[in-house]
Each structure stands twice: as C-alpha cells, then as structure tokens.
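# Overview (structure and organization)
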Amino acid sequence: MKTQYFTATTIDGYIADEDNSLDWLFEVDDKAGENPFASFFEGVGAFAMGATTYEWVLAHEKALGHPSSWLEPYGNTPAWIFTHRELPVIPGANLHFVRGDVRPVHAEMVSAAAGKNIWLVGGGELVAQFADHGLLDEVILGVAPVTLGAGAPVLPRRITSSRYALTDTRRLGQFAYLTYAVRPPT
C-alpha cells in the first residue's frame, strides 16, 4: 500500500493557472491511445482532495446535476474532502468532509483502502501537508508541454532531492510521466 500523488503538471511546475483553471491541460494533444489514469485508479482504495479541487469537479463536471460524472470514474471508492466550509454533496458519492490534521484522516483512509493505495488528488498544499508528516510515498507527474508562468504549484514546499528517488520514466504522447519514491523527512 502506498500513498501516491498522481497529477498533471506544466513544465514549469503548476497544476492549475492563477484562476484555478485546468484549460491548459485539455489543450494538450494527447493521442497516446493509452489512459494511464485508468490503470492507476484500479489500484486505489481511497482518495483525498482539497475543497478547491472538489469545487472544480462540481463546476466543470457538473457533478451535482450529473452524478455519473463522479460515479463513472470513481465508483464507490471513498473520498475525503478537506474543507473549512460547507460544500454540496454529490448524490450517491462516498464522501467524507473533514478538516484539520491530515494524520488521523490518513489513518482512516488506510483502513478504508483495505490494502489498496491512497491517491492524493491535490491541491499541492494538501499534498504538502501529507509530505510534511512523512505520509507521502510516491509522486507521479504527467508533465505536459505547457508553461504558465504562475498558478498553483505542484508542491509548495521545499523538499530536497535527498528525499526523492526517480523510479520510472515513460513517454505517452505529449506527456512525460515521472515517478519518484518519497522518503520521509528526517
């Protein structure tokens, strides 16, 4: 079982632009014929995301009116949404709204995942909190041929190379997939 951060990023290290938009991602010509997310998600038993990421799903996938836009990719896999505000619930989705320290939530997720992996969707600040406590095992970056110059960083923390070990590289269409094992802080 691993706690993994699987995300798309720009060459200059942003996961969203200054307006929290992912339009840049959908503009990339990706005719690789393979969906790395589908095979990744087969190994996921629980996942977590921040409120901004959840709100993006609500707005762009219209998940409140069309719950299938959530249920088709994620099924009944439990999701923890970290938030400080009230958010609407997607009908039929297995959601847990939480706040505060990531450590007890991670323990709940490990239990719910039943031996499968935990996916940290994002944003970067939430993932950084897991990394701060040694609860991040792997980072998988799908690097797109785009630069934004500003926006939401992949991980808004200084984590030195001594904590990372490159374990895999793959090219799929226009994306370079980089996988790093993450060592806990010392």
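Above this note sits the structure.
All figures in this text were calculated on a predicted structure; none of them were measured in a lab.

## Thoughts on the pattern of salt bridges
Per the stated rule, a full pass over the model turns up 5 salt bridges. One salt bridge in this structure joins Arg103 and Asp101, with 2.7 Å as the shortest N-O distance. Residue class for Arg103 comes out partly exposed when judged on its relative accessible area of 43%. Arg157 is the partner of Asp132 in a salt bridge, and the nearest nitrogen-oxygen pair spans 2.9 Å. Placement of Asp132 in helix H6 (residues 124–132) and of Arg157 in the loop between strand S8 (152–153) and strand S9 (164–172) is noted, with a sequence separation of 25 residues between them. Take Asp132: its relative accessible area is 37%, and that puts it in the partly exposed class. One connected set of salt bridges, linked through shared partners, spans Glu125, Asp132 and Arg157.

## Structural notes on the sheet that holds strand S1 (residues 3–10)
Within a sheet, each strand pairs with its neighbour through backbone hydrogen bonds, oriented either parallel or antiparallel. Read from one edge of the open sheet, 8 strands run S5-S4-S3-S6-S1-S7-S10-S9, paired in mixed fashion. The open sheet has two edge strands, strand S5 (95–98) and S9, and neither has a second partner. Averaged over all neighbouring strand pairs, the angle between strand axes comes to 20°, with direction disregarded. Here strand S4 (residues 79–82) runs beside S5; their pairing, made up of 4 bridges, is parallel. Note that in S5 the partner of Phe82 across the bridge is Val98. Along the sheet, helix H3 (residues 51–60) contacts strand S3 (44–50), S4, S5 and strand S6 (117–122); its crossing angle with S3, the most-contacted strand, is approximately 100°. In the packing of H6 onto the sheet, the strands contacted are S1, S3, S4 and S6, and the crossing angle to S6 comes to about 140°.

## Some details on the environment of Val182
Along the chain, Val182 turns up in strand S10 (residues 175–182). Its relative accessible area of 8% is what places Val182 among the buried residues. With 179 residues separating them in the primary sequence, Val182 and Thr3 have C-alpha atoms 9.9 Å apart. Filtering out sequence-adjacent residues up to four positions away, Val182 remains in contact with Leu136, Asp137, Glu138, Val139, Arg163 and Tyr164.

## Side note on helix H5 (residues 102–113)
Between its first and last C-alpha atoms H5 spans 16 Å; for 12 residues at 1.5 Å apiece the expected length is 16 Å, and the two agree. Of the positions making up H5, those classed as buried are Val102, Val105, His106, Met109 and Ala113. The buried residues of H5 all sit within an arc of 105° when viewed along its axis, so they share a single face. On its buried side, H5 packs onto S1, S3, S4, S5, S6 and H6. Two residues or fewer after H5 comes Ala114, characterised by a positive phi angle close to 50°.

Cut-offs applied
Residues numbered from 1 in each chain as written. Predicted model: local features only at pLDDT ≥ 70, side-chain atom pairs only at ≥ 80, totals over all residues. Heavy atoms only, no water. Salt bridge = Lys/Arg side-chain N within 4 Å of Asp/Glu carboxyl O. Buried < 20%, exposed > 50% of the residue type's maximum accessible area, 1.4 Å probe, protein only. Helix = DSSP H or I, 4+ residues; strand = E, 2+ residues; numbered from the N terminus. Pairing = 2+ DSSP bridges. Axes fitted to C-alpha atoms, helices over the stretch in contact; angles between N-to-C directions. Contact = heavy atoms within 4.5 Å. Expected span 1.5 Å × (residues − 1). Arc of directions from axis to C-beta.

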